[in-house]
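# Report on the structure
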Amino acid sequence: MSSASASASSSILPPGLPAADADPPGLAARLVEFGEELRAEGVASGTSELLDAFAILEQITWTEPEDFREALAATLAKSQEDRRTFELVFERFFFRATELAAVREGVKEGDHEGELSQLGEIDLDELRRQIAAAMREGSESLMRDLARLAIAAFGRRGEGSGVIGVDVQRIRRALGLRTEPQPDLPADDPRRDGVPREGLRRFEALLRRELERGQIERTQKLPPSRPLNDLDRALPSGPLQDLAAVHRVVTQLKRRLKTQGQETRGNRRHAHVDVRRTMRASLQTGGVPVDLRYKPVRPRRPEIYVLCDVSTSVTSASVFFLSVLHALHDSFRKMRSFVFIERISEVTDVFDRERDFRAVSEAIGRDAGVADVSGYTDYGRVWSEFRALVEDDLHPRATVIVLGDARTNGRDPRADIFAQVTAAAGRTFWLNPEPRLYWNYGDSVIATYERHCQAFECWTTGHLEDFVKALTQPVSSA
Amino acid sequence: MAAAAPDSVVAVADGLREVGYLPGESTALVSFLACKLGKPILVEGPAGVGKTELAKALANVLDRRLVRLQCYEGLDEAKALYEWNYRKQLLRIQAERQDTGWDEVQDDIFGEEFLLSRPLMDAITSEQPIVLLIDEIDKTDQEFEAMLLELLSDFQISIPELGRVEARTHPVVLLTSNNSRELTEALKRRCLYLWLDYPELAHELAIVRLHVPELQENLARKLVEVVGMVRDLDLKKPPSIAESIDWARALLLLGAQDIDRTMFRETLSVIVKHRTDLDVVSERVGVKLDPAAGLARG
């Protein structure tokens, strides 16, 4: 997964290091430090979790790295997201801790040159084969040894650029490691069917790690720490962006939506007595309704009409937004989606057929039939067409969502028709992918529309989440 | 008498394997820690990866009774913990109305005799140590979670009229969740966390072979590979382990020699349960099963 390899590059970072002359702290202090670092990355690990971690360490053998890590994870990381963060922080924390200790104690691994001359000339072809075979088997320690051999071999050829990321890719290329099959290789070469993706990712991470280790050894100090990447703070800006980002947002949203319906349940929960169930319960007490039964308040499942601007300025945000909404389809009772530039066209079917973000954007571009004569948005025309399309279906429990930058290219915004649409629908939201700062500058007429609807800015996943929450909030009038 | 708690991770793993559950890397470790520390385990993961099975297998290994509480929306303490037996109380009052004083009756009708115990109460009062499975905790609402807190951290239940009921033995508690909503921090804090995911190829192959030993090795391998491919697609409901096993059984019944395109199409409905998913799968995976494409290894 790309997030994992990205993380490997950022995995050497860390916390406020203790001053080099301070006494090295014991394990307990280390663990507390580790907990603090987790918290800094947004994992909710409290004191009680740390206490559990200590209790657990009494039960297992610390010398098994796997057990040690799993045991810590079981106590400190209590969700899948947290677990992901935990892995990253764990790697970077203990890597740095070891390296720091090594620097302090003056432990060195001996120089690679000497090691190499002992080994004699490395047979590159043999090395390639062995690495590919190790990847197939997934043997971690074997891969690490081979990674060091590879680094040594290439270090000697003087191809190192000094930039770790670049070097990793150079070595990978020189070794001819690819995930796709390479039919021109001899039949007994393990690389012939392509090396497993996961193995390659691990191997690259090991290369990176070994290169970093070498660098630390040469310079005798740790590189400055960086926080983990802000993996998914901004919405994908191009359609080619990682699908994983979409999925991450969607799974998070799904879970939050489900929880969120429940949080708000408390306030209004005792609104309606369920007469039937109360009567039935009263039979137990001879017909006296001793305890009242209430109707549960269910989270609202709105009926949704989405209108998305797909002119070049906002395409990717729109398609992304549509993908998210469609992935959330079971949270809505009914959903129809439209895209528009100059004119409007319905794309509900496209999303029923395709679930792949990239395929969807292609399909919309290709055959959604958006009449894109000039490529300029014509809001006035869009409103009247939209009204004609859905006039009969709109009712007070329907929600209309518009995603667009409200830039009319100087054409008539026709806010009057928009007002009619919003009057027919129960709620109308406007999502603007531009930061609020730019609103109403130039040809943006969002203020005209804002009078008739709720407008949100929406250019990060955080914004999107806030919006989806607002969307599914139980409404008292419902 | 219940078997003594296993004293090492390996022992737990072996035990689980013996009763027909193949534990993943961390499963055995976390189970072992839970037994040792007496903490509940929160098991999360997609549907059908063996969360409930784990509880059953653990009960088997530890030789304890399994008490199961299936959660659902609207589950409340009357159904999970205890309830006063109104009818019996009424009878008691009527039977004694003539000559007993009020105080006496009042004390009496709130005794253990009039308590209907539900699964959680059962678990707490059991003489023998047990394994308590609270299944699909994410289906209940937060109030119910809050109610569980006392039980999970101190293994006791407070009944206003009776006082505190403490556990006689220390139960091993498993909570499972399909991850459909975020559980409260308070609940998570009290548990060890175990994430079960779809198993890796070799692991799943072993599971299928264990449950359907009659199936040929090469067919089983191919089946597992295909299921893996299907899971990689973005489906509404990816096939679970249980469904792989069902599929293996179906293939066995049909006497299939190989999973080719026709066989795949005919039996597809065993692993894919949504109409739209069916289309996606037959389009993407079906093609690869063409003899020409040559996925087969065996």
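Going by the structure above, here's the rest.
## Some thoughts on the packing of aromatic side chains
Aromatic ring pairs: the centre-centre distance and the angle between the two ring planes describe each pair. Residues and elements named next belong to chain A. Counting across every chain of the model gives 24 aromatic pairs over all chains. Geometrically, the ring pair formed by F34 and F90 is edge-to-face, given 5.9 Å between the ring centres and 85 degrees between the ring planes. Taken as a pair, F34 in helix α2 (residues 27-40) and F90 in helix α5 (residues 80-105) lie far apart in primary sequence, 56 residues in all. Across the pair, F90 and F34 agree in class, each one buried. Arranged with centres 5.9 Å apart and planes meeting at 70 degrees, the rings of W383 and W430 form a pair that is edge-to-face. Pair noted here: W383 is in helix α17 (residues 379-390) and W430 is in strand β5 (residues 427-432), with a separation of 47 residues, a long-range link. Given a relative accessible area of 0%, W430 falls into the buried group. Members of the aromatic cluster, connected to one another through ring pairs, are F34, F68, F86, F90, F93 and F94.

## Notes on the packing of α2 of chain A against helix α3 (residues 47-57) of chain A
Residues and elements named next belong to chain A. For the pair α2 and α3, interaxial distance at closest approach is 11 Å and the crossing angle is 140 degrees. Viewed along their axes, α2 and α3 adopt a mutual orientation that is oblique. For α2 against α3, the interelement crossing comes out right-handed. Where α2 abuts α3, its residues L27, A28, L31, V32, G35 and R39 lie against T47, L50, A53, F54 and L57. Grouping the amino acids of the contact of α2 with α3 by side-chain chemistry returns eight nonpolar, two polar and one charged.

## Focus on the sheet that holds strand β1 (residues 41-44) of chain B
Two strands in a sheet stick together by hydrogen bonds in their backbones, pointing the same way (parallel) or opposite ways (antiparallel). All names here are of chain B. The strand order β2-β5-β8-β1-β9 describes an open sheet built from five strands, whose pairing is parallel. Whereas interior strands pair on both sides, the edge strands pair on one side only; in this sheet they are β2 (65-70) and β9 (192-195). The sheet shows a mean angle of 20 degrees between the axes of neighbouring strands, taken without regard to direction. As defined by bridge partners, strand β5 (residues 130-135) adjoins strand β8 (residues 172-177) across four bridges and the pair is classed as parallel. In the sheet register, I134 faces β8, and the bridge partner there is L175.

## Some words on unusual backbone geometry
Despite not being glycine, N440 of chain A shows a phi value in the positive range, around 65 degrees. A positive phi angle, near 50 degrees, is found at F155 of chain B, a position not held by glycine. Structurally, F155 of chain B is set in the loop between α8 (142-154) and β6 (156-159). With relative accessibility at 6%, the residue F155 of chain B sits in the buried group.

## Concerning the packing of helix α1 (residues 9-18) of chain B against helix α2 (residues 25-37) of chain B
Residue and element names in this part refer to chain B. Packing of α1 against α2 leaves a shortest axis separation of 8 Å and a crossing angle of 115 degrees. What the angle tells us is that α1 and α2 run roughly perpendicular. For α1 against α2, the interelement crossing comes out right-handed. Along its contact with α1, which presents V9, V12 and A13, the element α2 presents A28, L29, S31 and F32. Looking at side-chain class alone, the contact of α1 with α2 contains six nonpolar, one polar and no charged residues.

What counts, and where the lines are drawn
- Residues numbered from 1 in each chain as written.
- Chains lettered and ligands numbered in written order.
- Predicted model: local features only at pLDDT ≥ 70, side-chain atom pairs only at ≥ 80, totals over all residues.
- Heavy atoms only, no water.
- Phe/Tyr/Trp six-rings, centres within 6.5 Å; stacked < 30°, edge-to-face > 60°.
- Helix = DSSP H or I, 4+ residues; strand = E, 2+ residues; numbered from the N terminus.
- Buried < 20%, exposed > 50% of the residue type's maximum accessible area, 1.4 Å probe, protein only.
- Axes fitted to C-alpha atoms, helices over the stretch in contact; angles between N-to-C directions.
- Parallel < 35°, antiparallel > 145°, perpendicular 65-115°, else oblique.
- Left-handed = near helix turned anticlockwise from the far one by under 90°.
- Contact = heavy atoms within 4.5 Å.
- Nonpolar A, V, L, I, M, F, W, Y, C, P; charged D, E, K, R; others polar.
- Pairing = 2+ DSSP bridges.

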